[in-house]
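# Breakdown of the fold
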Amino acid sequence: MKQESGQKDFGTVFSLLSNELGANPKSVMKQFEKLLKDAKKSSSTSTATNVIKSNGVKFEVGYSTTHLYIYITK
């Protein structure tokens, strides 16, 4: 996620996956971008879990200083 090419690839895959699961990709990406902005502002180093919801699909996003975790439930 530190390099722009990796961000684009991740965004593409995450959008396609969202769409295939029946979620609204635009809504999911908008919520995900907000989570990223909030994470950058935070000085916490612990994993925090946030939930993105769209059309009955839940994406639980956890992150640390070095990793990003996304758990998907429907």
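Whatever comes next refers back to the structure up there.
Fair warning: this is a prediction, and the values are worked out from it, not measured in the lab. Per chain, the residues get numbers from 1 upward, laid out in the order the sequence is written. The predicted nature of this model means local features are confined to residues of pLDDT at least 70 and side-chain atom pairs, given and counted, to a pLDDT of 80 or more, with totals for whole chains, interfaces and linings taken over all residues. Just so you know, side-chain values use all the structure's heavy atoms and leave hydrogens and water out.

### Focus: the packing of helix H1 (residues 4–20) against helix H2 (residues 25–41)
Two quantities define a packed helix pair, namely the angle between the axes and the distance from one axis to the other. Geometry is summarised by axes, namely lines fitted to C-alpha atoms with helices restricted to the contacting stretch, and by angles between N-to-C directions that run from 0 to 180 degrees. Helix and strand definitions here come from DSSP, where helices need a minimum of 4 consecutive H or I residues and strands a minimum of 2 consecutive E residues; each element is numbered from the N-terminal end. In the contact formed by H1 and H2, the axes pass within 8 Å of each other and the chain directions differ by 135°. The angle between the axes of H1 and H2 places the two elements in the oblique class. For the crossing formed where H1 meets H2, the hand is right-handed. Between H1, through Phe10, Gly11, Phe14, Ser15, Ser18 and Asn19, and H2, the contact on the second element is made entirely by Pro25, Val28, Met29 and Phe32. Broken down by class, the residue content of the contact of H1 with H2 amounts to six nonpolar, four polar and no charged. The scheme is simple: roughly parallel for angles under 35 degrees, roughly antiparallel for over 145, roughly perpendicular for 65 to 115, oblique for anything else. It is the rotation of the near helix from the far one that decides the hand of a crossing: anticlockwise by less than a right angle makes it left-handed, clockwise makes it right-handed. Should any heavy atoms of two residues lie within 4.5 Å, those residues are counted as being in contact. Polar here means any residue other than Ala, Val, Leu, Ile, Met, Phe, Trp, Tyr, Cys and Pro, which are nonpolar, and Asp, Glu, Lys and Arg, which are charged; Gly is therefore polar.

### Observations concerning the nonpolar core
For this analysis, a nonpolar core means a set of buried residues of the types Ala, Val, Leu, Ile, Met, Phe, Trp, Tyr and Cys, connected via side-chain atoms within 4.5 Å. Think of it in three bands: with a 1.4 Å probe and only protein chains considered, a residue is buried below 20% of the maximum accessible area for its type, exposed above 50%, and partly exposed in between. Within the largest apolar cluster, ten residues are counted, these being Phe14, Ala23, Val28, Met29, Phe32, Leu35, Ile52, Val57, Phe59 and Val61. Going through the elements one at a time, H2 and strand E2 (57–63) are the ones with two or more residues in this core. The greatest single-element share of this core, amounting to four residues, is contributed by H2. Ignoring any residue separated from it by four or fewer positions in sequence, one finds valine 28 in contact with Phe14, Ser18, Ala23, Ile52, Ser54 and Phe59.

### Quick look at the packing of aromatic side chains
Aromatic contacts are taken between Phe, Tyr and Trp rings whose centres are within 6.5 Å, Trp giving its six-membered ring; a plane angle under 30 degrees counts as stacked, one over 60 as edge-to-face, and the others as tilted. Counted by the stated rule, this structure contains four aromatic pairs. Taking the centre distance of 5.4 Å and the plane angle of 40° together, the rings of phenylalanine 10 and phenylalanine 32 count as tilted. With phenylalanine 10 in helix H1 and phenylalanine 32 in helix H2, this residue pair connects regions lying 22 residues apart in the sequence. Here phenylalanine 10 falls in the partly exposed class, since its relative accessible area comes to 22%. Overall, phenylalanine 32 belongs to the buried group, its relative accessible area being 3%. With a centroid separation of 5.4 Å and 65° between ring planes, the pair formed by phenylalanine 14 and phenylalanine 32 is classed as edge-to-face. With a gap of 18 residues between them, phenylalanine 14 in helix H1 and phenylalanine 32 in helix H2 connect regions that are remote in the sequence. Taking the relative accessible area as the measure of exposure, phenylalanine 14 reaches 4% and is therefore buried.

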